[in-house]
Amino acid sequence: MTAMTIPAQIPTGDRADEIQVYDLHKSFGDVEVLKGISLTVRTGEVVCVIGPSGSGKSTLLRCVNMLEEPTAGRIFIINEEITDPDADVDAIRTMMGMVFQSFNLFPHLTVLQNCTIGPTAVKKVPKAEAEATALKYLDEVGLKHRADAFPAQLSGGQQQRVAIARALTMNVEMVLFDEPTSALDPELVGDVLDVMRRLAEIGMTMMVVTHEMAFAREVADRVIFMDGGVIVEEGHPDQVIGNPQHERTRTFLNRVLHPTHVHTGEEDAAYAARHAAELGSGPEASGELPDPALRTDNPGRSRL
Amino acid sequence: MTTTTQAGTVGRPKKLSPRKRAQRIRLVQYAILLVVVVLLILNVDGRQVQSVFFRTDLIQVTLTSGLPRALLNTVLYTFGAFVFGLTLGTLLALMRLSQVAPYRWIASIYIEFFRGVPALIVLLAFGLLSVAFPGLRFPLDPYGTVWTALGMVSAAYMAETIRAGILAVPKGQVEAARALGMPSGMAMRRIVLPQAFRIITPPLTNELILLTKDSSLVYVLGLTASAFELTKFGRDISNSNGNLTPLVIAGFCYLIITLPLTFLVRRMEAKAKKAR
Ligand SMILES: Nc1ncnc2c1ncn2[C@@H]1O[C@H](COP(=O)(O)OP(=O)(O)O)[C@@H](O)[C@H]1O
Ligand SMILES: [Mg+2]
């Protein structure tokens, strides 16, 4: 129902709205994957998109920067319509970074070159200036000392942090994250989330598809729960994650936070443990959690 | 473990174990090799072989009567044709992958045609072009003619290799590049092609080796002596002396070119593995 409260009329003209999506539909062949999505992300806001696998989260994110062409609907990025057939999509894309689940660093370029190729090739920033910017952001993600390494020489967590630095070196207004930690070994997830948390703190506009409920709960200003190509529930994280109103949301959260086959494999167990731990250390751990057993504090993950 | 083995041996006492059998087969192979070598040594007249294939005075003559020039020509013909083929091959590969259907058709027809026709025919045709169209001259003749003819043939082969290389680059690479705001052409040039060429360096070097040998077809163009490449050069001296030595030397010269290329590929492959 919350989705209905989003204004249905076209642009507000408000500079504070960085991403505006109006009645977005996307079909692959006969299959409609997005069935009318409307949302707004305001400047400095962190919006986490959660939902079961296949619900269309990635497709939504990819439509926002036109990696997928919407079937219908309109999308505005800082009041420029990226879905306009006459829009300069490439120019609009330079304003938003994208971080992929599988990192997608350029393997033939060094870490530093990965960061500078966008600014120098696309925005014609002088090389020295781009390198200075890149090193600044690499420093911030803790990888300045690996600037001359090749991506293959880095761990997954390090690669993902480079990918974030690569996006930031473009001096973007906003960053889209598509499950940035899903491909990582559990022990590497924390470093990437730390970087994202700091990014949120300095006021970056972020749209984050994630399964990290503790992160969403702590960092997000708003959480959107998607299922079957529609927004089912949307609102403050304490509400959507802590006190979900819809049965579908509850079912989903139950499954993510409390996998039923914990006993079937170590991986599942580790996954469950991680989420349990993260949730337990969240700031609002006393809210109505789907399972009270998850509220145990875990000092090992306290930095989350 | 032990019990199983014992049971096996006990059950079939006369059969050899697989390891014993392999050993015995190897032994037989060594024996055959030994017999062949001994027969060769006993039956072949070493001095005659030497005088036919390695006659000292002819080696002298061959080395001093323009071999460096012939070697240089072989390299020049090959390298020029390779550059031509690589450029045209890349263009054809991109056409094969184009959204525009007619481009795909043209590229396909080209590729099928030049892969199905002997390189010799193409070279002959190009040699006759200047006769058929008086006034038509390739720049740097005969080099221009050879580069174009051999380049056009090898482009057809390289196009398929390059296309496969482009397709082998993960889709996420283009997406990451486009997400940075790169137009598709730039993403292809800066991100996809460098990775594609890294992937296909071994088959492309193979193509370079094949081209080196194909350059021996150039003799059909009826060249002046200064444009002779290794094969034509060696053959002429061999003919006039009724001896194989000059041809053998020419053959070794090809190895001087092709063997280092093979080693180079190995090294590049090792390096690429590290960077990937
Ligand atoms: N390129 C594509 N072609 C066809 N179907 C696709 C494509 N991309 C995604 N889909 C389908 O769209 C649905 C939603 O996918 P996706 O957006 O990746 O979901 P999520 O990210 O929420 O897991 C899935 O059923 C998926 O199979
Ligand atoms: Mg996804």
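Residues numbered from 1 in each chain as written. Chains lettered and ligands numbered in written order. Predicted model: local features only at pLDDT ≥ 70, side-chain atom pairs only at ≥ 80, totals over all residues. Heavy atoms only, no water.

1. Quick notes on the sheet that holds strand 1 (residues 17–28) of chain A
Residue and element names in this part refer to chain A.
Here's step 1: Strand order in the open sheet formed by 4 strands is 2-1-4-5, with antiparallel pairing between adjacent strands. The open sheet has two edge strands, strand 2 (31–42) and strand 5 (80–81), and neither has a second partner.
Here's step 2: Bridge count for strand 1 against strand 4 (residues 72–77) is 5 bridges, and the pairing is antiparallel. Of the residues in strand 4, the one forming a bridge with Y22 is R74.
Here's step 3: In the packing of helix 1 (residues 57–64) onto the sheet, contacts are made with strand 1, strand 2 and strand 4, and the angle to strand 1 comes to roughly 120°. (Pairing = 2+ DSSP bridges. Helix = DSSP H or I, 4+ residues; strand = E, 2+ residues; numbered from the N terminus. Contact = heavy atoms within 4.5 Å. Axes fitted to C-alpha atoms, helices over the stretch in contact; angles between N-to-C directions.)

2. Points about the environment of F215 of chain A
Residue and element names in this part refer to chain A.
Here's step 1: One can find F215 in helix 7 (residues 213–219).
Here's step 2: For F215, a relative accessible area of 2% gives the class buried.
Here's step 3: Separated by 58 residues in sequence, F215 and G157 place their C-alpha atoms 16 Å apart.
Here's step 4: F215 has contacts with C48, L193, M196, R197, V208 and A220, leaving out every residue within four places of it along the chain. (Buried < 20%, exposed > 50% of the residue type's maximum accessible area, 1.4 Å probe, protein only.)

3. Looking at the site of ligand 1
Residues and elements named next belong to chain A.
Here's step 1: As a structural note, the neighbourhood of ligand 1 is formed by F28, V33, P52, S53, G54, S55, G56, K57, S58 and T59.
Here's step 2: One of the backbone nitrogen or oxygen atoms of G56 is found 3.0 Å away from an oxygen atom of ligand 1.
Here's step 3: T59 places a side-chain nitrogen or oxygen 2.5 Å from an oxygen atom of ligand 1.
Here's step 4: Here ligand 1 has 560 Å² of accessible area as a free molecule, and 58% of this is covered by the chains.
Here's step 5: Looking at which element gives the most residues to the shell around ligand 1, the answer is helix 1, with 3 residues.
Here's step 6: Class assignment of the residues belonging to the shell around ligand 1 gives a composition of 3 nonpolar, 6 polar and 1 charged. (Near = heavy atom within 4 Å. Polar contact = N/O pair within 3.5 Å; in protein donor to acceptor, adjacent residues only side chain to side chain. Areas by Shrake-Rupley, 256 points an atom, 1.4 Å probe, with all protein chains shown as cover. Nonpolar A, V, L, I, M, F, W, Y, C, P; charged D, E, K, R; others polar.)

4. What about the confidence of the model for chain B?
All names here are of chain B.
Here's step 1: Chain-level pLDDT for chain B is 88 on average; 94% of the residues reach the 70-or-more range.
Here's step 2: The secondary structure element of chain B with the lowest average pLDDT is helix 1 (residues 2–11), at 48, and the one with the highest is helix 9 (residues 171–179), at 97.
Here's step 3: Throughout residues 1–9 the model reports pLDDT below 50, and contacts reaching past four residues in sequence, or to other chains, amount to 0 contacts.
Here's step 4: Note on the complex model: pTM 0.80, ipTM 0.81. (pLDDT = per-residue confidence, 0-100.)

5. Looking at the packing of aromatic side chains
All names here are of chain B.
Here's step 1: Summed over the entire model, instances satisfying the criterion amount to 8 aromatic pairs over all chains.
Here's step 2: Where F113 meets F114, the ring centres are 5.0 Å apart and the plane angle is 80°; that geometry is what we call edge-to-face.
Here's step 3: For F114, a relative accessible area of 10% corresponds to the buried category.
Here's step 4: Connected via pairs of aromatic rings, a cluster forms that spans Y77, Y143 and W147. (Phe/Tyr/Trp six-rings, centres within 6.5 Å; stacked < 30°, edge-to-face > 60°.)

6. Here we look at a positive patch on the surface
Residues and elements named next belong to chain B.
Here's step 1: On the surface, a cluster of positive charge is made up of R198, R267, K271 and K274.
Here's step 2: Element by element, the count of residues in the positive patch is highest for helix 13 (residues 245–275), at 3 residues.
Here's step 3: Position of R267 relative to the elements: it lies in helix 13. (Patch = residues over 30% accessible without salt bridge, like charges linked within 9 Å, V, L, I, M, F, W, Y side chains within 5 Å. Salt bridge = Lys/Arg side-chain N within 4 Å of Asp/Glu carboxyl O. Lys, Arg positive; Asp, Glu negative; His and termini not counted. Charge placed at Lys NZ, Arg CZ, Asp CG, Glu CD.)

7. Considering the sheet that holds strand 3 (residues 46–50) of chain A
Residues and elements named next belong to chain A.
Here's step 1: What the 6 strands build is an open sheet, ordered 6-7-8-3-9-10; its pairing is mixed. One side of each edge strand has no neighbouring strand; the edge strands of this open sheet are strand 6 (96–99) and strand 10 (230–235). In this sheet, adjacent strand axes meet at a mean angle of 15° when their direction is disregarded.
Here's step 2: Where strand 3 lies against strand 8 (residues 205–209), 4 bridges are found, and the strand directions are parallel. Each residue of the ladder has a partner; that of V49, found in strand 8, is V209.

8. A word on unusual backbone geometry
Residue and element names in this part refer to chain A.
Here's step 1: The backbone phi angle of D23 is positive, close to 45°, even though this residue is not glycine.
Here's step 2: Structurally, D23 is set in strand 1.
Here's step 3: Judged by its relative accessible area of 43%, D23 is partly exposed.
Here's step 4: For K124, which is not a glycine, the phi torsion comes out positive at approximately 55°.

9. Examining the environment of V47 of chain A
All names here are of chain A.
Here's step 1: When you line up the elements, V47 lands in strand 3.
Here's step 2: Taking the relative accessible area as the measure of exposure, V47 reaches 0% and is therefore buried.
Here's step 3: A sequence separation of 161 residues divides V47 from V208, and the C-alpha atoms of the two residues are 6.1 Å apart.
Here's step 4: Filtering out sequence-adjacent residues up to four positions away, V47 remains in contact with V41, M206, M207, V208, R222 and I224.

10. A word on the side chain of T205 of chain A
Residue and element names in this part refer to chain A.
Here's step 1: Looking at the secondary structure, you find T205 in strand 8.
Here's step 2: By relative accessible area, which is 2% here, T205 ends up buried.
Here's step 3: A distance of 2.8 Å separates the side chain of T205 from the backbone nitrogen of G44, its partner in a polar contact.
Here's step 4: Excluding its chain neighbours within four sequence positions, the residues that come into contact with T205 are E18, V41, R42, T43, G44, E45, E173, M174 and V175.

11. Considering the state of the cysteines
All names here are of chain A.
Here's step 1: On inspection of all chains with the given rule, the structure shows 0 disulfides over all chains.
Here's step 2: Lacking any disulfide linkage, C48 is separated from the closest cysteine sulfur, that of C63, by 19 Å.
Here's step 3: Look at C48 and you get buried, because its relative accessible area is 0%. (Disulfide = S-S within 2.5 Å.)

12. Examining the confidence of the model for chain A
Caution applies to low-pLDDT regions: their predicted coordinates should not be interpreted in detail.
Residue and element names in this part refer to chain A.
Here's step 1: Averaged over all residues, the pLDDT of chain A equals 84, while 80% of them reach at least 70.
Here's step 2: Across residues 1–9 the pLDDT falls below 50, and counting only partners more than four positions away or on other chains, this stretch makes 13 contacts in the model.
Here's step 3: The model gives residues 277–304 a pLDDT under 50, and that stretch makes 50 contacts with residues more than four places away or in other chains.

13. So, the nonpolar core
Here's step 1: If you look at the biggest cluster of nonpolar residues, it comprises 96 residues, and the most contacted ones within it are I77 and M207 of chain A.
Here's step 2: Looking at this core element by element, the count peaks at 7 residues for helix 6 (residues 186–201) of chain A.
Here's step 3: Excluding its chain neighbours within four sequence positions, the residues that come into contact with I77 of chain A are E18, I19, V64, I82, I92, M95, M96 and M174 of chain A.
Here's step 4: Within the second largest apolar cluster, 52 residues are counted, among which are V146, I166, A227 and I237 of chain B. (Core = buried A, V, L, I, M, F, W, Y, C linked by side-chain atoms within 4.5 Å.)

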